[in-house]
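Each chain is listed here by its residues.
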Amino acid sequence: MARSDIHIRMFGDNRTSKMFNQFRKDARSSSHAINNLRNQIIAAFSVRELVTAGDTFVNLQNRMGALTGNATDTADAMAHMKRIAIESRSDFSAVGDLFAKITFATKEMGLSQQEVADATQTVANTFIISGASAIEAANASRQLAQGLASGTLRGDELNSVMEQNSALAELLAKGLGVSTGQLREMGAAGKITAENILPTLISATDETNKTIADMNMTIGQSISLNTIYNLNRRI
């Protein structure tokens, strides 16, 4: 083999080796940087979610304190909210908002806190049965709560509930002894009130609990549960 051939081969091999080693070094460095970035994003997301959940908890605690007027009932209400959110795999803010508004809407009806909790859990369960996303469930829960707080469920509020929660629409229709089409007519006439739907919601808790017990958990529901569990460790 000619000397020039040996020089070229050796030079080429050395340069290739150096380039390959540098590539591996850069790749390890990039991988490390990507992993760090990923962990920072996850950490930032978790902190942000916990801060939001913590603020929500405090705001709901203040609202319930104003509604109940004493610390014991407020503590019991917050315990109900967390339990319902966990058992129904639901957004804590939406559950708390619904619980607080049902409490406000039914103050004159003399409902116990357990009955308010049962009604809240039935609604949360039906969103899972209907396959609503966490965002859909949160939005429709707020619409339902607003309707109950105003005294009647009608218009956009009723439409939102029926479109995003077919299980609840069927449950209410069955409880009122009408079809889902007639349920819309009742809503338009202002006949769907807290007084005539709460008995159905309160009595259906066990049934809906059994229905969701064997259902698979979605990623969104897992995130909601994780946020609540993390919040529990800090409050």
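Rules of the game
- Residue positions are counted from 1 within each chain, in the order its sequence is given.
- Local features in this predicted model are restricted to residues of pLDDT 70 or higher, and side-chain atom pairs are both shown and tallied only at a pLDDT of 80 or more, whereas totals for entire chains, interfaces and linings draw on every residue.
- Working from all heavy atoms in the structure, the side-chain values ignore hydrogens and water.
- Each helix corresponds to a stretch of at least 4 residues labelled H or I by DSSP, and each strand to a stretch of at least 2 residues labelled E; elements are numbered beginning at the N terminus.
- Only protein chains enter the accessibility calculation, which uses a 1.4 Å probe. A residue is then buried if its area is under 20% of the maximum for its type, exposed if over 50%, and partly exposed in between.
- Working rule for contacts: check all heavy atoms of both residues, and any pair within 4.5 Å makes them a contact.
- Here the accessible surface of atoms and residues is derived via Shrake-Rupley with a 1.4 Å probe, and residues count as covered only by protein chains that are part of the display.
- Directions from the helix axis toward the C-beta atoms define the arc.
- Note on definitions: salt bridges are taken to be side-chain nitrogens of Lys or Arg within 4 Å of carboxyl oxygens of Asp or Glu.
- Only the contacting stretch of a helix is used when fitting its axis, a line to C-alpha atoms as for every element, and angles between N-to-C directions run 0 to 180 degrees.
- Orientation categories follow fixed angle ranges, with anything under 35 degrees roughly parallel, anything over 145 roughly antiparallel, 65 to 115 roughly perpendicular, and all other angles oblique.
- Here a crossing is taken to be left-handed if its near helix is turned anticlockwise relative to the far helix by less than a right angle, and right-handed if that turn runs clockwise.
- Residues adjacent in sequence count toward polar contacts only when both atoms are side-chain atoms; beyond that, a polar contact is any pair of N or O atoms within 3.5 Å, and within protein one must be able to donate a hydrogen and the other to accept it.
- As a per-residue quantity, pLDDT reports the predictor's confidence and falls between 0 and 100.

1. A short note on the overall build of the chain
- Helices and strands together make up the secondary structure of the chain, namely eleven helices and zero strands.
- N-terminal to C-terminal, the α/β element order of the chain is α-α-α-α-α-α-α-α-α-α-α.
- For the chain, buried positions account for 37% of its 235 residues.
- Partitioning the intrachain contacts of the chain with sequence separation of at least 6 by distance along the chain shows that 70% fall at a separation of at least 24.
- Only carbon and sulfur atoms are counted for the fraction: they give 54% of the accessible area of the chain, which is about 13,300 Å².

2. Examining helix α10 (residues 205–213)
- Buried within α10 we find Thr205, Thr208 and Ile212. Seen end-on, α10 carries its buried residues on one side only, within an arc spanning 70°. α10 presents Asp206, Glu207, Lys210 and Ala213 as exposed residues on the side facing more than 90 degrees away from its buried surface.
- Residues of α10 that are buried make contact with α2 (71–87), α4 (113–130) and α9 (194–203).

3. Regarding the pattern of salt bridges
- A complete count under the given rule lists three salt bridges for this structure.
- Residues Glu87 and Arg83 are paired through a salt bridge, measuring 3.2 Å at the closest nitrogen-oxygen approach. Placement of the pair is Glu87 and Arg83 together in helix α2, with a separation of four residues, close to one helical turn.
- For Glu87, a relative accessible area of 41% translates into the label partly exposed.
- The partly exposed category is assigned to Arg83, whose relative accessible area is 27%.
- A salt bridge links Lys101 to Asp97; its shortest N-O distance comes to 3.6 Å. Linking Lys101 with Asp97, this pair stays in helix α3 (residues 92–105), spanning four residues, or about one helical turn. When sorted by exposure, Lys101 lands in the same class as Asp97, which is buried.

4. Quick notes on the packing of α2 against α3
- Packing of α2 against α3 brings their axes to within 9 Å, and their N-to-C directions diverge by 135°. Considering the angle they form, α2 stands oblique to α3. As α2 packs across α3, the resulting crossing turns out to be right-handed. Here Ala77, Met78, His80, Met81, Lys82, Ile84 and Ala85 of α2 come into contact with α3, specifically with Phe92, Val95, Gly96 and Phe99.

5. So, helix α8 (residues 180–188)
- Looking at α8, one finds that the buried residues are Leu183, Met186 and Gly187. In an axial view of α8, the angular spread of the buried residues amounts to 100°, which keeps them on one side of the axis. Facing away from the buried surface of α8 by more than 90 degrees, the exposed residues are Glu185 and Ala188.
- Packing partners of the buried residues in α8 comprise α6 (155–164) and α7 (166–176).
- Downstream of α8 by one or two residues, Gly190 has phi in the positive range, about 75°.

6. A short note on the side chain of Thr122
- Structurally, Thr122 can be placed in helix α4.
- In this structure Thr122 comes out as buried when scored by relative accessible area, which is 0%.
- In this structure the side chain of Thr122 is engaged in a polar contact, spanning 2.6 Å, whose partner is the backbone oxygen of Leu201.
- Once residues lying within four places of it in the same chain are set aside, the contact partners of Thr122 are Leu171, Leu201, Ala204, Thr205 and Thr208.

7. Let's talk about the confidence of the model for the chain
- Predicted confidence across the chain gives a mean pLDDT of 78, with 74% of residues reaching 70 or more.
- Between residues 6–13, whose pLDDT stays under 50, and residues either more than four places distant or in other chains, the model counts two contacts.
- Low confidence marks residues 37–45, where pLDDT is under 50. Its contacts with residues over four positions away, or in another chain, come to zero contacts.

8. Here's the deal with unusual backbone geometry
- The phi torsion at Arg89 lies on the positive side, around 55°, for a residue other than glycine.
- Mapped onto the elements of the fold, Arg89 is located in the loop between α2 and α3.

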